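Read off the chains here:
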Amino acid sequence: MSKLTNEELKKSIEYLHKLNDKYDNIGQDFLQYMEGLVHSNGLKYWDYIHVDSLLGLQMPRTDFSDEIIFITYHQITELYFKLIKLELEQLTDRDKKEFESLEFWYKRIGRINNYFKHLCNSFDVMKSGMDARDFRAFRMALLPASGFQAVQFRHIEIMSTNLNSLLSENARNERDVPLEKIYQHIYWKSGGIDMRTGKKTLTLLEFEKKYDRELMRWLKNYKFRNLNYLFYRLDKEMKKDKKLVTLLREYDQYINVYWKLSHMMAASRHLPKDDQGTGGTNWRKFLPPKFQKVMFFETLWLPEEKKDWGKAGVQKAFRENVQKEWMKPNKFEE
Ligand code: HEM
């Protein structure tokens, strides 16, 4: 058995005192816990990460081998959405002491952008990473389910901006309309309409049944604390901060242009020209960001940038910004 050095012994005693205080404070017998420590087994990676459960979560509905890629990549995306929401929760928590500091905003939005960067760069897994013929076949076995029903994406939108920015363009800027009524014009509902009948698809109806009430609660909850709202309540100097403004613009581009374009390109590869999306949707008119024109931080964009939303001009400007040294990932780490 190796002996402790004097230095290690000193440190051990310090820890023992700290632990004693800790258990004392909660009325527990410190010595009993120490004895338990002698017998307890160390934590194992597979238990901590729940590897077996995680790897058991991919359950294909067909015998096509690529279906597991489709499931796994959706799950990976959902986990990234979860991480993005964690940052948004921090950013929209007004009780946070650091809330009024620029560093806090840089760090959190930097992380969100980093996550989106990974999501945009990895969408090829869905595009060239799956056999197109197989995809068409197994997709039919999955109807009426669609990524359209990914509620975390809607959470991210609601946490990031005000309701008005999420409405279909022709319903924006209406005054004094009750939430329940205006909610019917939220832009994503237009993505779930059967183009032949004009009626809601089953995909949308089921999503509404499961989530409409919850999403309206979220909208009420975030009305006065979504990211866009909070940004405008920062003091004048902070609002003008160039780095913060660029980070927010970058975020807007990542989610509302780049992610949507990457997603659309995957859809275009796999769904033939005349394909109607899930339940007959006209996805070619819904998915392109230039038609949806959803932007979270509208006042941070110039009129011409808004006009060209999702088109080459805005993307060029965006790429130039990303070249800047402090826009690169890992700069936001502590
Ligand atoms: C080959 C892969 C994919 C194809 C062909 C595809 C296809 C589609 C289509 C056609 C729509 C329009 C609504 C509909 O008709 O269902 C849609 C919407 C959507 N999908 Fe996918 N999708 C793919 C992968 C993904 C992945 C990996 C996610 C991640 C969760 C996802 C999330 C979404 C979301 C959030 C929407 C709504 C988009 C918006 O509101 O702008 N999709 N998808």
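Here, every reference points to the structure presented above.
Read on for a plain summary of the structure. Nothing here was measured: the structure is a model prediction, and the numbers come from that model. In every chain, residue numbers begin from 1 and rise along the written sequence. pLDDT decides what is reported in this predicted model: residues at 70 or higher carry local features, side-chain atom pairs at 80 or more are listed and counted, and totals for whole chains, interfaces and linings draw on all residues regardless. Only heavy atoms go into the side-chain values, all of them from the structure, while hydrogens and water stay out.

## Some points on the overall build of the chain
Rules: Strands are runs of DSSP state E lasting at least 2 residues, helices are runs of H or I lasting at least 4, and numbering of each runs from the N terminus. A simple rule labels every residue: compare its accessible area, found with a 1.4 Å probe on the protein chains alone, to the largest value its type can have, and call it buried under 20%, exposed over 50%, or partly exposed in between. Residue contacts follow a heavy-atom distance rule, with two residues in contact if any of their heavy atoms lie within 4.5 Å. Surface accessibility follows the Shrake-Rupley procedure with a 1.4 Å probe radius. Residue values consider only the protein chains on display as shielding. Positive charges come from Lys and Arg alone, negative charges from Asp and Glu alone, with His and the N- and C-terminal ends not counted. Positions of charges follow a simple convention, taking NZ of Lys, CZ of Arg, CG of Asp or CD of Glu.
When you go through the chain residue by residue, the secondary structure sums to 18 helices and zero strands. With the C-alpha coordinates aligned to their principal axes, the bounding extent of the chain is approximately 80 × 60 × 40 Å. Residues classed as buried in the chain amount to 43% of the 334 residues present. Sequence-distant contacts, at least 24 apart, represent 72% of the contacts inside the chain between residues at least 6 apart. Total accessible area on the chain is roughly 20,200 Å²; 54% of this is exposed by carbon and sulfur atoms. Measuring between centres, the 57 positive side-chain charges of the chain sit 6 Å from its 48 negative side-chain charges.

## Let's talk about the pattern of salt bridges
This is how it is decided: By definition here, a salt bridge exists when the distance from a side-chain nitrogen of Lys or Arg to a carboxyl oxygen of Asp or Glu is within 4 Å.
Considering all chains together, one arrives at 14 salt bridges under this definition. Ionic pairing is found between K306 and E298, a salt bridge with its closest N-O pair at 3.4 Å. Looking at E298, the relative accessible area reads 32%, which means it is partly exposed. A network of salt bridges, in which partner residues are shared, links K189, K200, E208 and D212.

## Details of the site of the ligand
Going by this rule: A cutoff of 4 Å decides nearness: a residue is near a molecule or strand if any of its heavy atoms lies inside that distance of it. Under this definition, polar contacts are N or O atom pairs within 3.5 Å; protein pairs additionally need one hydrogen-donor-capable and one acceptor-capable atom, and for neighbouring residues in sequence, both atoms have to be side-chain atoms.
Taken together, 28 residues form the shell around the ligand, and within it S146, R154, H263, T278 and T281 come nearest. Note that an oxygen atom of the ligand is positioned 2.8 Å from one of the side-chain N or O atoms of R154. At 2.8 Å, a side-chain N or O of H263 approaches a nitrogen atom of the ligand. Breaking the shell around the ligand down by element, the ones donating at least two residues are α5 (67-91), α9 (151-160), α14 (242-270) and α15 (283-286). The element that contributes the greatest number of residues to the shell around the ligand is α14, accounting for five residues.

## Observations regarding the coordination of the iron atom of the ligand
As a reminder, the rule being used: Note: metal donors comprise N, O and S atoms at 2.8 Å or less from the metal (3.2 Å for Na, K and Ca); water molecules are not included, so apparent gaps in a site are possible.
Looking at the iron atom of the ligand, one finds just one donor atom contributed by the protein, H263 (NE2), at 2.1 Å. Topologically, H263 is positioned in helix α14.

## Some thoughts on the packing of α9 against helix α11 (residues 202-222)
Going by this rule: Each axis is a line fitted through C-alpha atoms, taken for helices only over the stretch in contact, and angles between the N-to-C directions span 0 to 180 degrees. For classification, angles of less than 35 degrees are called roughly parallel, those exceeding 145 degrees roughly antiparallel, those between 65 and 115 degrees roughly perpendicular, and all remaining angles oblique. Left-handed describes a crossing whose near helix is turned anticlockwise from the far helix by less than a right angle; the clockwise case is right-handed. In this classification, Asp, Glu, Lys and Arg are treated as charged, Ala, Val, Leu, Ile, Met, Phe, Trp, Tyr, Cys and Pro as nonpolar, and every other residue, Gly included, as polar.
Where α9 meets α11, the axes come as close as 10 Å, and the angle between the chain directions of the two elements is 20°. On the basis of the axis angle, α9 is roughly parallel to α11. Once α9 is placed against α11, the crossing between them reads as right-handed. Judged by residue contacts, V151, R154, H155, I158 and M159 of α9 engage F207, Y211, E214, L215, W218, L219 and Y222 from α11. Counted by class, the contact of α9 with α11 contains nine nonpolar, one polar and two charged residues.

## Considering the packing of aromatic side chains
Keep this limit in mind: The criterion for an aromatic pair is that two Phe, Tyr or Trp rings (for Trp, the six-membered ring) have centres within 6.5 Å, with stacked assigned to planes under 30 degrees apart, edge-to-face to planes over 60 apart and tilted to the rest. Ring-over charges, as used throughout, are those where CZ of Arg or NZ of Lys falls within 6 Å of the ring centre and within 35 degrees of the ring normal.
In total, this model carries 26 aromatic pairs according to the counting rule given. A ring pair is formed by F70 and F135, whose centres lie 5.4 Å apart and whose planes are at 65°; its orientation type is edge-to-face. Within this pair, whereas F70 is found in helix α5, its partner F135 is found in helix α8 (residues 132-140), the two being separated by 65 residues in sequence. F135 gets classed as buried once you look at its relative accessible area, which sits at 8%. Judged by centre distance (5.4 Å) and plane angle (80°), the ring pair of F135 and F138 falls under edge-to-face. Placement of the pair is F135 and F138 together in helix α8, with a separation of three residues, close to one helical turn. An aromatic cluster is present here, built from F148, Y183, Y187, W188, F207, Y211 and F286 joined pairwise through their rings. The residue whose ring lies beneath R233 is Y229, and the NZ or CZ to ring-centre distance is 3.8 Å. Directly above the aromatic system of W301 lies the positively charged group of R249, at a separation of 4.1 Å from the ring centroid.

## Concerning a nonpolar patch on the surface
Our working definition: Any residue with relative accessible area above 30% and no salt bridge may belong to a patch, with like charges joined within 9 Å and the nonpolar Val, Leu, Ile, Met, Phe, Trp and Tyr side chains within 5 Å.
Where nonpolar side chains cluster on the molecular surface, the patch consists of L43, Y45, W46, Y48, I49, L54, L55, L57 and L79 and spans about 1,000 Å² of accessible area. If you list the elements that add at least two residues to the nonpolar patch, you get α3 (45-49) and α4 (51-55). Residue contributions to the nonpolar patch peak at four residues, all from α3. With respect to the helices, strands and loops of the structure, L79 is situated in helix α5. Classification of L79 as exposed rests on a relative accessible area of 51%.

## Considerations on unusual backbone geometry
Note on backbone geometry: most residues besides glycine have negative phi, and most peptide bonds are trans. In this chain, L143 is followed by P144 through a cis amide linkage whose omega measures 0°. Within the secondary structure, P144 sits in the loop between α8 and α9. Phi is positive for H50, which is not a glycine, with a value near 55°.

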